[in-house]
Amino acid sequence: MAASTPARAWQRMLSGRRLDLLDPSPLDVEIEDIAHGLARVARWNGQTSGDWPFSVAEHSLVVEDVLARLGPATRAERLCALLHDAPEYVIGDMISPFKAALGLDYRAFEDRLAAAVHIRFGLPPAPSAALKARIKRADRASAWLEATQLAGFSEIEAGRFFGRPRVEGWRELRLDPMPPAAAAAAFLRRFAALSAAS
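Residues numbered from 1 in each chain as written. Predicted model: local features only at pLDDT ≥ 70, side-chain atom pairs only at ≥ 80, totals over all residues. Heavy atoms only, no water.

This paragraph deals with the environment of His 118. Mapped onto the elements of the fold, His 118 is located in helix H6 (residues 104-120). Since its relative accessible area comes to 5%, His 118 is described here as buried. A sequence separation of 35 residues divides His 118 from Leu 83, and the C-alpha atoms of the two residues are 8.0 Å apart. The residues contacting His 118, other than those within four sequence positions of it, are Cys 80, Leu 123, Pro 124, Pro 125, Ala 126 and Pro 127. Here Pro 125 takes part through its backbone oxygen, which lies 3.5 Å from a polar atom of the side chain of His 118. (Helix = DSSP H or I, 4+ residues; strand = E, 2+ residues; numbered from the N terminus. Buried < 20%, exposed > 50% of the residue type's maximum accessible area, 1.4 Å probe, protein only. Contact = heavy atoms within 4.5 Å. Polar contact = N/O pair within 3.5 Å; in protein donor to acceptor, adjacent residues only side chain to side chain.)

It is worth spelling out unusual backbone geometry at this point. With a phi close to 60°, Trp 44 is a non-glycine residue in the positive phi region. If you check the backbone angles, Asn 45 has positive phi at about 50° while not being a glycine. Mapped onto the secondary structure, Asn 45 falls in the loop between helix H1 (31-38) and helix H2 (56-69).

Each pair of packed helices gets described by two things: the angle between the helix axes and the distance between those axes. The N-to-C vectors of H1 and helix H9 (residues 180-196) enclose an angle of 140°; their axes lie 8 Å apart at closest approach. Classified by the angle their axes make, H1 and H9 are oblique. Our pair here, H1 against H9, has a crossing hand that is right-handed. Listed contacts from H9 to Ile 31, Glu 32, Ile 34, Ala 35, His 36 and Leu 38 of H1 are Ala 184, Phe 187, Leu 188 and Phe 191. (Axes fitted to C-alpha atoms, helices over the stretch in contact; angles between N-to-C directions. Parallel < 35°, antiparallel > 145°, perpendicular 65-115°, else oblique. Left-handed = near helix turned anticlockwise from the far one by under 90°.)

Here it is, written out as structure tokens:
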């Protein structure tokens, strides 16, 4: 009997890079691939109002904005917030209940991808516990805004799941889903601005 061929564990990117999902190298991470992928991954499994799905790229922009509204944040902290869901450019956006059902092995897989992304862009492999908590707070505020503005949740229902945002100026944040090319371009512009600020 012939030996079976091992399953392919890499993803070909439009940049030409070949990212090994089991052992991701920072050298195979390109910001254009991240922006392109995240702009085409729908939040809420696409169950949002508007002409376009609300993408993970757009969500990432909101989280970075909210983090800055929570108080002073360095360029590196804001870049971490912008890239907080970067692994989803390869693995998609799984809803939190499904991630919890999959358990810690999935989290470790996601963390390896995130570390490769962070190293590629000069960030520590993992954010500090304090920064992680601030990003999570911004992430939950973004989820509340998305839930109430786009995903059909009442404010009370969203509050039960995500808590009510306690962020300066959060009421002025209006979400308007963009076409994928516009979302990718906005993500790349913000990344460039944060990168240039170093």
